[in-house]
Amino acid sequence: MLFFIIVTGNVCISQTHKRNQKLFEKATQAYRTGQFNQAIQIAEEVISQDSSFTNAYLFLADIYAEIDSTSLEIKYLRSASRHDIRNRAHIKYRLGEAYFSIGDYAKAQVAYDECIKIRGATSNLKALATRMVEQCDFAINAEKNPKATNVKALISDINTPYNEYWPSKTVDGTQLVFTRLVPDSLRGNRMQEDFYIADFSKGEWGSVRPIVEINTPENEGAQSLSADGKLLFFSACNRQDGFGSCDIYVSVLKQGKWQMPVNAGYGLNSRKWESQPSLSPNSDYLYFSSNREGGFGNKDIWRIKINGFNEHGLPVWGQVENLGDSINTSGVETSPFIHFNNETLYFSSDGWLGMGKSDIFYSMLKEDKTWTKPINIGYPINTKNNENGFIVDAGGTIAFFSSERDRRKGMDIYSAQLTENSKTTPVTYVKGIIIDSESKQALVGSVEITNLTDQKNGSFSKESGASGEFLVCLPLGENYAFNITKKGYLFYSQSLHLDSLYSSVQPMNLKIELVPVKSGSRLVMRNLYFETDSFRLLEESFPELEKLYDLMVQNPTIRVEIGGHTDNVGSEKYNKLLSEKRAREVKTYLADKGINAERIETKGYGITLPIDTNDTPEGRALNRRTEITVL
């Protein structure tokens, strides 16, 4: 350290008595050998004999900064400022840094302002001080306008005298995985990182247990748990199978046991530093921090496309991309978390206006796939300390993060209630298993979601696991067509109306029985939409009609009947005619795309075959349907 000794030493020492000069040299030598108490004692002796010996004040300020005694650092910086006119601008800037580090933003702002006004301050120093005045302005206003309440440390089973950080949760909130820094008794109590997990049930966290299948005597940390809890990505450094200094690894949960972690592979990992992964809710992207080439600063936020998973359940990597200068700065961006709504990105940065060393920010994914300018998550989540590992629950209201705000306890995991202006879009999820309707055996099928509210930006597909299980996250406020397809089977069709942000939507747990394509098989198409009292198809119907078209193409020998059904609103005659016209409209769509019309029969059943009551809006909606029967 000793920054000011190097800058001002020759001038000040040349003006002091030889004895004080020798004493001061003795103090600096004691400092270099780690004898801080002796160095302090000698420097104070120098000051007692010559109160204008500026270097001794700066020397003491440096030492107290290094041993984290900021109040004494400030004391000696103030004394140096009174005696050293030549370097007063630098001293004022340093004084601003000291006040800022303890969160005294008003006094820091005064010191930075004084630095700017001093004649002789360099343009570079003035620019730095001007930016810090902005930081102070932001921090003062942030404390006056908190964006979270009820900030509290999690229970003692999770937080201990050791450091705990990097929380990650499943979308249903039933599991929490975090990193803990613990001593290794077999290696002289050397501190190293391990993973721990806790289950949430009946409103409280259960006992914490180590993930023994993954933990080693070396460090494992900065993990990301998939929404369904079946994948764990994490960071590890200097391993024999590594590509760079730190790489990202992955483990798969099978039959309740975590499998041996493997390096997640080249493309994601490089010869540089890759760490702090965050898996998108439907496993289509992995976000991470890296100092690889092509970035904007020290460390940047990147993401890589996941083009499905191989037979071992491991990701197949696609293209990697930097998130751009709307996210990344010339500073350090780390700790990404992509929310379950797949559009809100949280991350840690020291490059944007903040309250301390590193703050939490969030940005929204726009329709053109770029990101909005980051917004500081605000006080009291962000403080003068480092905050990282920030995540938000599926409801968009409860945050979890790690912070060292209580220095006596070290790094702990906290929760907070976000205020209305800092909440994000909540999500629900669909969880299920796919089986054969006859054999009841599990099937691997394609789960396809189409956002009917915004078809250009909200559609994706993923395969179920080998056991037929799947989980997909769906942001509220949109309507979706939900389909499951598998060759040789009729596709499954469901309609999900989540267009009210304020509706209480419960997660769906489905057991889906796919019906083999054979004579008599029947399919209800839930995502065909017609204009009111009309047979004209709405645009939202086209994704589902494409599924029917694909079914006819994949099974060129089958013939089908398209049956139209209505509720009982209106006369029986009117409904029968309307249902016939709607069935014929579907046939016309298929014929126009090249399906032989002779393979398609149509029939309008009107109100004659209800599958639910017509006494409720929900029942009438189910009765208004189009059915496909294999002939």
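The paragraphs below set out a description of the structure included in this document. (Residues numbered from 1 in each chain as written. Predicted model: local features only at pLDDT ≥ 70, side-chain atom pairs only at ≥ 80, totals over all residues. Heavy atoms only, no water.)

## Regarding the overall build of the chain
Consideration 1: Scanning the chain for helices and strands turns up 11 helices and 33 strands.
Consideration 2: Taken over C-alpha atoms, the radius of gyration comes to 32 Å for the chain, far larger than the 25 Å a tight globule of 631 residues would show.
Consideration 3: Seen through its principal axes, the chain has C-alpha atoms that stretch 110 × 55 × 45 Å.
Consideration 4: Across the 631 residues in the chain, those meeting the buried criterion constitute 52%. (Helix = DSSP H or I, 4+ residues; strand = E, 2+ residues; numbered from the N terminus. Rg over C-alpha atoms; globule rule 2.2 N^0.38 Å. Buried < 20%, exposed > 50% of the residue type's maximum accessible area, 1.4 Å probe, protein only.)

## What to know about the state of the cysteines
Consideration 1: Within the structure shown, the criterion is met by one disulfide.
Consideration 2: Sulfur of cysteine 115: no disulfide; nearest cysteine sulfur belongs to cysteine 136 and is 12 Å away. (Disulfide = S-S within 2.5 Å.)

## A short note on the packing of aromatic side chains
Consideration 1: Summed over all chains, the structure comprises 26 aromatic pairs.
Consideration 2: A ring pair is formed by phenylalanine 233 and tryptophan 317, whose centres lie 6.4 Å apart and whose planes are at 55°; its orientation type is tilted. Here the residue phenylalanine 233 occupies a position in strand β8 (residues 231-237), and tryptophan 317 occupies one in strand β15 (residues 315-322), the gap between them amounting to 84 residues. The burial state of phenylalanine 233 is the same as that of tryptophan 317; both residues are buried.
Consideration 3: Among the aromatic side chains, those forming a connected cluster through ring pairs are Phe337, Phe340, Tyr346, Tyr362, Phe390, Phe401 and Tyr414.
Consideration 4: Over the ring of tryptophan 302 we find arginine 292; its NZ or CZ atom is 5.5 Å from the centre of that ring.
Consideration 5: The ring centre of tryptophan 273 lies 4.7 Å from the NZ or CZ of lysine 299, which sits over that ring. (Phe/Tyr/Trp six-rings, centres within 6.5 Å; stacked < 30°, edge-to-face > 60°. Lys NZ or Arg CZ within 6 Å of the ring centre and 35° of its normal.)

## Let's talk about the packing of helix α2 (residues 18-32) against helix α4 (residues 54-66)
Consideration 1: Packing of α2 against α4 brings their axes to within 11 Å, and their N-to-C directions diverge by 15°. By the angle class used here, α2 and α4 are roughly parallel. Judged by the twist between their axes, the crossing of α2 over α4 is left-handed. Side by side, α2 and α4 meet where Phe24, Ala27, Thr28 and Tyr31 of the first sit next to Asn55, Ala56, Phe59, Ile63 and Glu66 of the second.
Consideration 2: Split into classes, the residues belonging to the contact of α2 with α4 amount to six nonpolar, two polar and one charged. (Axes fitted to C-alpha atoms, helices over the stretch in contact; angles between N-to-C directions. Parallel < 35°, antiparallel > 145°, perpendicular 65-115°, else oblique. Left-handed = near helix turned anticlockwise from the far one by under 90°. Contact = heavy atoms within 4.5 Å. Nonpolar A, V, L, I, M, F, W, Y, C, P; charged D, E, K, R; others polar.)

## Topic: the side chain of glutamate 544
Consideration 1: Assignment of secondary structure puts glutamate 544 in helix α9 (residues 542-554).
Consideration 2: In this structure glutamate 544 is buried but unpaired, with lysine 547 as the nearest side chain of opposite charge at 6.9 Å.
Consideration 3: Leave out the neighbours within four places in its chain, and glutamate 544 touches Asn483, Phe491, Ser493, Met525, Arg526, Asn527 and Leu528. (Lys, Arg positive; Asp, Glu negative; His and termini not counted. Salt bridge = Lys/Arg side-chain N within 4 Å of Asp/Glu carboxyl O.)

## Things to note about the sheet that holds strand β22 (residues 412-418)
Consideration 1: Taken together, the four strands give an open sheet; going across it, the order is β1-β22-β21-β20, and neighbouring strands pair in antiparallel fashion. Of all the strands in the sheet, just β1 (148-153) and β20 (387-392) have a single pairing partner and so form its edges. Put simply, the sheet's adjacent strands are angled 25° from each other on average, direction ignored.
Consideration 2: Of the strand pairs in this sheet, β1 and β22 are connected by four bridges, and their pairing is antiparallel. By the bridge assignment, threonine 149 is partnered in β22 with glutamine 417. (Pairing = 2+ DSSP bridges.)

## Brief notes about the environment of isoleucine 74
Consideration 1: Among the secondary structure elements, isoleucine 74 is positioned in helix α5 (residues 70-83).
Consideration 2: Note: C-alpha distance between isoleucine 74 and arginine 180 (106 residues apart in sequence) is 34 Å.
Consideration 3: Among residues more than four places away in sequence, those in contact with isoleucine 74 are Leu95, Ala98, Tyr99 and Ile102.

## Points about the pairing of strand β23 (residues 427-436)
Here is the key point about a regular strand: its side chains alternate between the two faces of the sheet.
Consideration 1: For β23, a buried count of eight out of 10 residues is recorded, marking the element as mostly surrounded by other parts of the structure.
Consideration 2: In this sheet, strand β26 (residues 469-475) lies alongside β23 in antiparallel orientation, the contact comprising seven bridges. Paired with threonine 428 across the two strands is leucine 474, which belongs to β26.

Honestly, it's all geometry; don't read function into it.
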